[in-house]
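Chain by chain, the residues run as shown.
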Amino acid sequence: MNPDYRTGIGFDVHAFAEGRKLIIGGVSIPYDKGLLGHSDADVLLHAISDALLGALALGDIGRHFPDTDENYKDVDSMILLKKVYEHVLLSGYSLGNIDAVVTMQRPKISPYVMKMRENLAGLFNVELNRISIKATTTEKLGFVGREEGASAFATVLILRK
């Protein structure tokens, strides 16, 4: 018997690179660097994808969308997240809520957080108050503090439909 709810946690990290767009939460953010990855390297959406897959015990996004598959080269991570959410729905669950944290020293992403939340609420077809996204720095410590990259953590709750 499947439980009435399940939780998952996700984490992702990407390095900054020249000549790439910075996309976080499906939002293009003006900056002189973007995140390096096989897809669009949306660190937040990757962490959320991993959290959802974890809640279903289905592994991680690398298993479902390997960086050796050219079909996913520069793909929009909203497309990947939508495919992940199809697994959730087919398993008889729907999204309860998301709580996520993006860590980066610069640029400041707080002006874009509402649009990120709206993107996710639309994708999951849920109320905005089910999507929490926070931004923080690492007080100039570590690779994030040295502005070498960004990371994101996400927890999700999925509920039996």
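Everything that follows concerns the structure shown earlier in this document.
What counts and how
Residues numbered from 1 in each chain as written. Predicted model: local features only at pLDDT ≥ 70, side-chain atom pairs only at ≥ 80, totals over all residues. Heavy atoms only, no water. Phe/Tyr/Trp six-rings, centres within 6.5 Å; stacked < 30°, edge-to-face > 60°. Helix = DSSP H or I, 4+ residues; strand = E, 2+ residues; numbered from the N terminus. Buried < 20%, exposed > 50% of the residue type's maximum accessible area, 1.4 Å probe, protein only. Pairing = 2+ DSSP bridges. Axes fitted to C-alpha atoms, helices over the stretch in contact; angles between N-to-C directions. Parallel < 35°, antiparallel > 145°, perpendicular 65-115°, else oblique. Left-handed = near helix turned anticlockwise from the far one by under 90°. Contact = heavy atoms within 4.5 Å. Nonpolar A, V, L, I, M, F, W, Y, C, P; charged D, E, K, R; others polar. 1 Å grid on protein atoms, 1.4 Å probe; cavity = no way out; pocket = protein on both sides within 12 Å on 5 of 7 lines; lining within 4 Å. Points joined across faces, edges and corners; volume = space filled by probe spheres on them. Right-handed = clockwise from strand over helix to strand, strands pointing away. Expected span 1.5 Å × (residues − 1).

Focus: the packing of aromatic side chains
For step 1, the next point in the chain: On inspection of all chains with the given rule, the structure shows 3 aromatic pairs.
For step 2, the next point in the chain: On the basis of an interplanar angle of 45 degrees and a centroid distance of 4.8 Å, the ring pair of Phe11 and Phe153 is categorised as tilted. With Phe11 in strand 1 (residues 5–17) and Phe153 in strand 7 (residues 149–160), the pair connects residues that are 142 residues apart, well separated along the chain.
For step 3, the next point in the chain: Note on Phe11: relative accessible area 41%, which makes it partly exposed.
For step 4, the next point in the chain: A relative accessible area of 40% places Phe153 in the partly exposed class.
For step 5, the next point in the chain: Ring centres 5.6 Å apart and planes at 50 degrees place the aromatic pair Phe16 and Tyr31 in the tilted group. Of this pair, Phe16 sits in strand 1 while Tyr31 sits in the loop between strand 3 (27–29) and strand 4 (34–35), and the two are 15 residues apart along the sequence.
For step 6, the next point in the chain: For Phe16, a relative accessible area of 11% corresponds to the buried category.
For step 7, the next point in the chain: Overall, the relative accessible area of 23% leaves Tyr31 in the partly exposed class.

Re the pairing of strand 7
For step 1, the next point in the chain: Alignment of strand 1 against strand 7, held across 11 bridges, turns out to be antiparallel. Following the sheet pairing, Gly8 is matched in strand 7 by Val156.

Remarks on the packing of helix 1 (residues 43–55) against helix 3 (residues 77–90)
For step 1, the next point in the chain: Orientation of helix 1 relative to helix 3, taken along the N-to-C sense of each, is 10 degrees, at an axis distance of 10 Å. Between helix 1 and helix 3, the crossing angle belongs to the class labelled roughly parallel. Where helix 1 crosses over helix 3, the handedness of that crossing is left-handed. Residue-level contacts link Leu45, His46, Ile48, Ser49, Leu52 and Leu53 of helix 1 to Ser77, Met78, Leu81, Val84, Tyr85 and Val88 of helix 3.
For step 2, the next point in the chain: Of the residues assigned to the contact of helix 1 with helix 3, the class counts are 9 nonpolar, 3 polar and no charged.

Considering the layout of surface pockets
For step 1, the next point in the chain: By volume, the largest pocket is sized at about 250 Å³.
For step 2, the next point in the chain: Lining of the largest pocket is provided by 13 residues; of these, Ser39, His46, Ile61, Phe65 and Asp67 occupy positions nearest its centre.
For step 3, the next point in the chain: Residue assignment for the lining of the largest pocket shows that the elements contributing at least two residues are strand 1 and helix 2 (61–64).

Some thoughts on the pairing of strand 5 (residues 93–103)
The two faces of the sheet receive side chains in turn, since in a regular strand these alternate between them.
For step 1, the next point in the chain: As paired strands, strand 5 and strand 7 are joined by 10 bridges and run antiparallel to one another. Following the sheet pairing, Val102 is matched in strand 7 by Ala152.
For step 2, the next point in the chain: Pairing between strand 5 and strand 6 (residues 131–136): 6 bridges, direction parallel. Looking at strand 6, one finds that Val101 is bridged to Lys134.
For step 3, the next point in the chain: Following the backbone out of strand 5, through helix 4 (residues 113–124) and into the adjacent parallel strand 6, one traces a crossover that is right-handed.

Re helix 1
In an α-helix, one full turn covers 3.6 residues, which means residues spaced three or four apart are oriented alike.
For step 1, the next point in the chain: Here helix 1 is 13 residues long and its end C-alpha atoms lie 19 Å apart, about the 18 Å a rise of 1.5 Å per residue gives.
For step 2, the next point in the chain: Here helix 1 lies mainly inside the structure; 12 of its 13 residues are buried.
For step 3, the next point in the chain: Along helix 1, the positions that sit buried rather than exposed are Val43, Leu44, Leu45, His46, Ala47, Ile48, Ser49, Asp50, Ala51, Leu52, Leu53 and Ala55.
For step 4, the next point in the chain: With its phi angle positive at about 60 degrees, Ala57 sits one or two positions after the end of helix 1.

Some points on the sheet that holds strand 5
Hydrogen bonds between backbone atoms are what pair the strands of a sheet, whose relative direction is either parallel or antiparallel.
For step 1, the next point in the chain: Spatially, 5 strands are ordered 4-1-7-5-6 in an open sheet, and the strand pairing comes out mixed. Edge positions in the sheet fall to strand 4 and strand 6, since each of these pairs with one other strand and no more.
For step 2, the next point in the chain: Each of strand 1, strand 4, strand 5, strand 6 and strand 7 touches helix 1; the most contacted strand, strand 1, lies at about 150 degrees to it.
For step 3, the next point in the chain: Here helix 3 sits on the sheet and contacts strand 5 and strand 7; the angle it forms with strand 5, its principal contact strand, is near 145 degrees.

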